[in-house]
Amino acid sequence: MKLSLHHINFVSEDVERLRRFYADVLGMGEQADDIPVREMQRGYNGDVAFLGDGAMQMHLAQKDLELGFKTGNIVNPVEKGHIAFRTDDIEAFKQRLEEQGVAYSDYAGVAAASWHQIFFRDPEGNVIEVHQVLDADQ
């Protein structure tokens, strides 16, 4: 099972303002490839901007304090943002979490139709995403 850092996610009430800041001040460009196909009907349909520097991505998402309630999940990844890793075997990673006694929320199909995403917290409460791309073309 491979695991690599993929993106960081910041949340905001005003995604466009945040996008302009990172584009204008840090020179981050629009990320057009290697982004998820959005799923807008299963709980999260907030505004999202995808930026990148050629190596690392930044996902800017509209804050939604009710997402956990709407989806029946404990962890809400768009309450305060998160850091995200990509794996090639989400089931093996879920097994690792279970063996370590780490609870997670499975968001498969909720916000991204082409990624299987899970979210959990580190000991300090920071939210971590691990996802697997479901479409072989991405």
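In this report, the structure presented in the accompanying data block is examined. (Residues numbered from 1 in each chain as written. Predicted model: local features only at pLDDT ≥ 70, side-chain atom pairs only at ≥ 80, totals over all residues. Heavy atoms only, no water.)

1. Examining a nonpolar patch on the surface
Turning to step 1, where the next piece is worked out: Residues Phe21, Val25 and Leu26 make up a contiguous nonpolar surface patch of about 310 Å² in total accessible area.
Turning to step 2, where the next piece is worked out: Relative to the elements of secondary structure, leucine 26 occurs in helix α1 (residues 15–26).
Turning to step 3, where the next piece is worked out: Taking relative accessible area as the criterion, leucine 26 reaches 55% and is therefore assigned exposed. (Patch = residues over 30% accessible without salt bridge, like charges linked within 9 Å, V, L, I, M, F, W, Y side chains within 5 Å. Areas by Shrake-Rupley, 256 points an atom, 1.4 Å probe, with all protein chains shown as cover. Salt bridge = Lys/Arg side-chain N within 4 Å of Asp/Glu carboxyl O. Helix = DSSP H or I, 4+ residues; strand = E, 2+ residues; numbered from the N terminus. Buried < 20%, exposed > 50% of the residue type's maximum accessible area, 1.4 Å probe, protein only.)

2. Re the environment of glutamate 16
Turning to step 1, where the next piece is worked out: Along the chain, glutamate 16 falls in helix α1.
Turning to step 2, where the next piece is worked out: Taking the C-alpha atoms as reference, glutamate 16 lies 28 Å from glycine 72; in sequence the two are 56 residues apart.

3. Some points on the side chain of histidine 116
Turning to step 1, where the next piece is worked out: Position of histidine 116 relative to the elements: it lies in strand β7 (residues 115–121).
Turning to step 2, where the next piece is worked out: The buried category is assigned to histidine 116, whose relative accessible area is 11%.
Turning to step 3, where the next piece is worked out: A distance of 2.8 Å separates polar atoms of two side chains, one belonging to histidine 116 and the other to aspartate 106. (Polar contact = N/O pair within 3.5 Å; in protein donor to acceptor, adjacent residues only side chain to side chain.)

4. Quick word on α1
Turning to step 1, where the next piece is worked out: Here α1 spans 16 Å end to end across 12 residues, near enough to the 16 Å set by a 1.5 Å rise per residue.
Turning to step 2, where the next piece is worked out: By the burial criterion, the buried members of α1 are Val15, Leu18, Tyr22 and Ala23. Along α1, the residues classed as buried sweep out an arc of 130° about the axis, all on the same side. Opposite the buried face of α1, at more than 90 degrees from it, the exposed residues are Arg17, Asp24 and Val25.
Turning to step 3, where the next piece is worked out: Looking at the buried residues of α1, the elements they touch are β1 (3–12), β3 (48–52) and β4 (57–62). (Expected span 1.5 Å × (residues − 1). Arc of directions from axis to C-beta. Contact = heavy atoms within 4.5 Å.)

5. Some words on helix α3 (residues 90–100)
Turning to step 1, where the next piece is worked out: What α3 keeps buried is the set Ile90, Phe93, Lys94 and Leu97. Down the axis of α3, the buried set is contained in an arc of 100°. They therefore lie on one face.
Turning to step 2, where the next piece is worked out: In this fold, the buried residues of α3 make contact with β1, β5 (82–87), β6 (104–106), β7 and β8 (127–133).
Turning to step 3, where the next piece is worked out: Of the residues trailing α3, glycine 101 is marked for its positive phi of about 75°.

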